[in-house]
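These are the residues of each chain, in order.
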Amino acid sequence: MTSTHSDALFQAALTLFPGGVNSPVRAFAAVGGTPRFLTRGEGSRVWDADGREYIDYLGSWGPLIAGHAHPAIVTAVTRAAARGTSFGAPNSYELELGRLIKQAMPSMELMRFVNSGTEAAMSAVRLARAVTKRDLAIKFAGCYHGHADGMLVNAGSGPLTLGCPSSPGVPAAVAAQTMVVDYNDTDALRAVFAQRGDQIACAIVEPVAANMGLVPPQSGFLSELRALTRSHGALLIFDEVITGFRLGLGGAQARYQVSPDLTCLGKIIGGGLPVGAFGGRAEIMERLAPLGDVYQAGTLSGNPVAMAAGAAQIRVLCEPGAYERLERTSEALEAGLRAAFKECDIPAQLHRIGSIFGFFFNAEAVRDLEGVRRSDAKMYARFFHAMLERGVYLAPSAFEVGFVSLAHSPSDIQNTVAAAADALATLGQRSRRS
Ligand SMILES: *Cc1c(COP(=O)(O)O)cnc(C)c1O
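Residues numbered from 1 in each chain as written. Predicted model: local features only at pLDDT ≥ 70, side-chain atom pairs only at ≥ 80, totals over all residues. Heavy atoms only, no water.

A.B. asks: Give a detailed account of the environment of Ile101, specifying residues and quantitative values.
C.D. replies: Positionally, Ile101 belongs in helix α3 (residues 92-104). When near neighbours in sequence (up to four residues on either side) are disregarded, Ile101 contacts Met108, Met111, Phe113, Phe245, Leu265, Ile269 and Ile314. (Helix = DSSP H or I, 4+ residues; strand = E, 2+ residues; numbered from the N terminus. Contact = heavy atoms within 4.5 Å.)

See the structure below:
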């Protein structure tokens with residue numbers, strides 16, 4: 001294979017960054033090959049360092065719901081930057097984004113801006129522990145809440161045991177403060193609350209799990225979680241870093257009609273710049289410094305340029321018909337992909353909620369991490385590369401999802417479906433021969 005500009009850039013990156021990257025999944029380790037260096041994005045498209053064009057479904061891992069370089073966002077960023085990139089003092093851009101969020105998500109009576117989803121989840125859990133004067137947190141296997149120590153935790157060997165570190169460097173004593181329960185396993189959840197309900201500060205959940213591929217909540221799971229946390233005096237934290245403003249202006253809490261005590265946001269609310277937020281009931285949020293005694297801070301939190309980008313993107317989403325259009329585009333993609341999967345004889349499960357989609361090369365239905373693990377990640381890797389060759393950029397891992405944006409056109413969808421049909425036909429033949 002001839003070497004490319006991307007190859008050369010990646011070689012240089014290897015001398016600067018561990019694995020050549022500044023976030024691990026970008027390295028293509030799960031699918032093999034050399035990552036493409038991306039040099040430009042516009043609308044639904046990205047271009048790599050060798051000038052190749054792709055229809056993009058990564059959307060920077062979710063933030064870019066209006067597409068790349070949306071003119072309204074670019075203008076907002078440029079204007080804000082020209083007036084000063086950071087003050088470390090209150091600024092009116094914070095008010096603008098805060099109001100848009102609170103209007104869309106009334107459960108966020110008070111909120112605080114941070115710089116990432118990781119910070120949002122870490123701070124929300126700290127606050128929940130302070131408010132309840134309890135230490136234990138519950139998370140669900142396969143849900144991701146950023147890389148704070150207490151969230152990098154695997155299930156212990158039995159359903160009611162304390163968590164173990166999922167990364168070296170996380171102290172066992174920290175991991176033991178998080179219990180891990182299977183996603184969608186309401187019985188296990190009841191058992192955990194029955195046994196340790198008086199020690200549980202909070203349960204944190206992705207209301208729609210989108211970091212193990214896409215795994216929707218089964219009917220009754222979220223409402224049971226709400227009921228159990230409430231009756232045991234624990235707080236319910238919805239990590240809506242992906243679902244916030246993705247599943248509609250009100251996020252998953254509006255779609256499923258379950259109101260959490262605290263919500264974490266990120267990704268879309270930054271319009272492609274680094275922003276996170278957490279918020280919820282006023283009486284809880286008032287425990288934060290400077291009103292209360294729970295410490296939390298950030299030099300660049302509420303950064304004017306980032307706030308302006310987020311507000312501009314949310315204003316695009318508030319335009320009449322935006323989510324309806326996104327739904328129609330996503331529906332067309334789902335229908336086309338379903339037909340393509342049906343044509344080939346490769347077993348697969350296609351999941352979609354709104355503009356989030358994911359597939360598992362798996363014959364059985366997938367409802368939790370166990371099911372996800374049974375899917376054929378090697379087949380995904382081959383499909384990923386076959387799509388990349390055909391000009392479609394999907395997430396470089398079987399355990400991630402795809403995102404449709406407002407910039408995807410009907411012809412983008414047609415081209416994507418045609419590429420998938422062609423890719424699957426080739427892979428189907430190859431798997432029959434082997
Ligand atoms: C991406 C993500 C995070 C972490 O956000 P970062 O900005 O990458 O720190 C947390 N929770 C969920 C559900 C996410 O998808």
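Next, the rest of the story.
A.B. asks: Tell me what's going on with the site of the ligand, and back it up with residues and numbers.
C.D. replies: Neighbouring residues of the ligand: Ser116, Gly117, Thr118, Tyr144, His145, Gly146, Glu206, Asn211, Asp239, Val241, Ile242 and Lys267. A distance of 2.9 Å is found between an oxygen atom of the ligand and a backbone nitrogen or oxygen belonging to Gly117. Contact between the ligand and Tyr144: a nitrogen atom at 3.1 Å from a main-chain N or O atom of the residue. Alone, the ligand offers 380 Å² of accessible surface; in the complex the protein occludes 83% of this. (Near = heavy atom within 4 Å. Polar contact = N/O pair within 3.5 Å; in protein donor to acceptor, adjacent residues only side chain to side chain. Areas by Shrake-Rupley, 256 points an atom, 1.4 Å probe, with all protein chains shown as cover.)

A.B. asks: Account for the sheet that holds strand β10 (residues 235-239), naming residues and giving values.
C.D. replies: Paired through their backbone hydrogen bonds, the strands of a sheet run either parallel or antiparallel. An order of β4-β12-β11-β10-β9-β5-β8 is seen for the seven strands of this open sheet, with the pairing classed as mixed. Each having just a single partner strand, β4 (110-114) and β8 (178-182) make up the two edges of the open sheet. Between one strand and the next, the sheet's axes are offset by a mean angle of 20°, whatever the strand orientation. In this sheet, β10 lies alongside strand β9 (residues 200-205) in parallel orientation, the contact comprising four bridges. Paired with Ala203 across the strands is Leu236, a residue of β10. (Pairing = 2+ DSSP bridges. Axes fitted to C-alpha atoms, helices over the stretch in contact; angles between N-to-C directions.)

A.B. asks: Give me the pattern of salt bridges: which residues, what numbers.
C.D. replies: Using the criterion set out here, one finds 18 salt bridges in the structure. We note a salt bridge from Asp48 to Arg36, for which the minimum N-O separation is 3.9 Å. Taken together, the residues span a long stretch of sequence, with Asp48 in strand β2 (residues 45-48) and Arg36 in the loop between α1 (5-14) and β1 (38-42) at a distance of 12 residues. For Asp48, a relative accessible area of 2% translates into the label buried. Judged by its relative accessible area of 22%, Arg36 is partly exposed. (Salt bridge = Lys/Arg side-chain N within 4 Å of Asp/Glu carboxyl O. Buried < 20%, exposed > 50% of the residue type's maximum accessible area, 1.4 Å probe, protein only.)

A.B. asks: Got a sec to walk through the sheet that holds strand β13 (residues 349-353)? Specific residues and values, please.
C.D. replies: On the basis of which strands lie adjacent, the open sheet formed by three strands has the order β13-β14-β16 and antiparallel pairing. Each edge of the sheet is formed by a strand with only one pairing partner; in this case those strands are β13 and β16 (402-403). By the bridge criterion, five bridges tie β13 to strand β14 (residues 356-360) in an arrangement that is antiparallel. Bridging across to β14, Gln349 finds its partner in Phe360. Strand contacts of helix α11 (residues 322-343): β13 and β14, with the helix running at about 175° to β13, the strand carrying the most contacts.

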